[in-house]
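Overview (structure and organization)
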Amino acid sequence: MSPSLSVVADNDLKPVLSKAETVAQRVQRLQAEAKQLAKDHIKSLTTAMVSLEQLAAEIAEGGDAYAPGVRDVARRLAEDLDSRVQTLEAIVART
């Protein structure tokens with residue numbers, strides 16, 4: 001005959017902190033992760049800006065196929081994006 005089984009309630013409902021990581025350590029780890037994610041996000045932004053800068057430069061140099069106003073806007077955009085990318089890279093390098 002098999003032994004009888006019974007259900008035992010778990011009344012210890014207090015959250016248990018991991019003994020391997022304190023709250024302060026967890027906060028530091030999460031902050032470090034957030035900073036790294038932000039850097040990755042900024043890198044994606046600068047990559048997209050460089051791609052857009054190249055596209056704008058192509059349009060600016062596209063000759064008569066593009067209207068003069070479009071070429072002018074594209075030229076100014078390419079120039080502006082170049083300086084903005086450099087600004088972002090300088091800011092990220094300081095942090």
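Let us look at the structure shown here. Remember, predicted model here, so these are calculated numbers, not experimental data.

1. Here's the deal with the overall build of the protein chain
When helices and strands are counted, the protein chain shows two helices and zero strands. Expressed as a percentage of its 95 residues, the buried residues of the protein chain come to 8%.

2. So, helix α2 (residues 68–94)
The terminal C-alpha atoms of α2, which comprises 27 residues, lie 40 Å apart, in line with the 39 Å expected from a rise of 1.5 Å per residue. Listed in full, the buried residues belonging to α2 are Ala74, Ala78, Leu81 and Val85. As for α2, its buried residues are in contact with α1 (23–60).

3. A few points about a nonpolar patch on the surface
On the surface, a cluster of nonpolar side chains totalling about 230 Å² of accessible area is made up of Leu52, Leu55 and Leu77. A residue is classified by how much of its surface remains accessible, and Leu55, at 44% relative accessible area, is partly exposed.

4. Considering the side chain of Thr46
Within the secondary structure, Thr46 sits in helix α1. Among the polar contacts listed, one links the side chain of Thr46 to the backbone oxygen of Lys43, at a separation of 2.9 Å. In contact with Thr46, not counting residues within four places along its chain, are Val85 and Leu88.

5. Regarding the pattern of salt bridges
Scanning all chains against the criterion turns up seven salt bridges. The salt bridge involving Asp72 is made with Arg75; its shortest N-O contact spans 2.5 Å. Taken together, the positions of Asp72 and Arg75, both in helix α2 and three residues apart, correspond to about one turn of that helix. With its nearest N and O atoms 3.2 Å apart, the salt bridge here joins Glu79 to Arg75. On the criterion of helical spacing, the pair formed by Glu79 and Arg75 is a turn pair, its members being four residues apart in helix α2. Note on Glu79: relative accessible area 48%, which makes it partly exposed. Within this structure, Asp72, Arg75, Arg76 and Glu79 form a network of salt bridges that share partners.

6. Section: α1
When the terminal C-alpha atoms of α1 are compared, their 55 Å separation across 38 residues agrees well with the 56 Å that a helix rising 1.5 Å per residue should span. Every buried residue belonging to α1 is among Thr46, Met49, Glu53 and Ala56, and all of these are buried. Tucked inside the fold, the buried residues of α1 contact α2.

Here is what the cut-offs are and how they apply
Residues numbered from 1 in each chain as written. Predicted model: local features only at pLDDT ≥ 70, side-chain atom pairs only at ≥ 80, totals over all residues. Heavy atoms only, no water. Helix = DSSP H or I, 4+ residues; strand = E, 2+ residues; numbered from the N terminus. Buried < 20%, exposed > 50% of the residue type's maximum accessible area, 1.4 Å probe, protein only. Expected span 1.5 Å × (residues − 1). Contact = heavy atoms within 4.5 Å. Patch = residues over 30% accessible without salt bridge, like charges linked within 9 Å, V, L, I, M, F, W, Y side chains within 5 Å. Areas by Shrake-Rupley, 256 points an atom, 1.4 Å probe, with all protein chains shown as cover. Salt bridge = Lys/Arg side-chain N within 4 Å of Asp/Glu carboxyl O. Polar contact = N/O pair within 3.5 Å; in protein donor to acceptor, adjacent residues only side chain to side chain.

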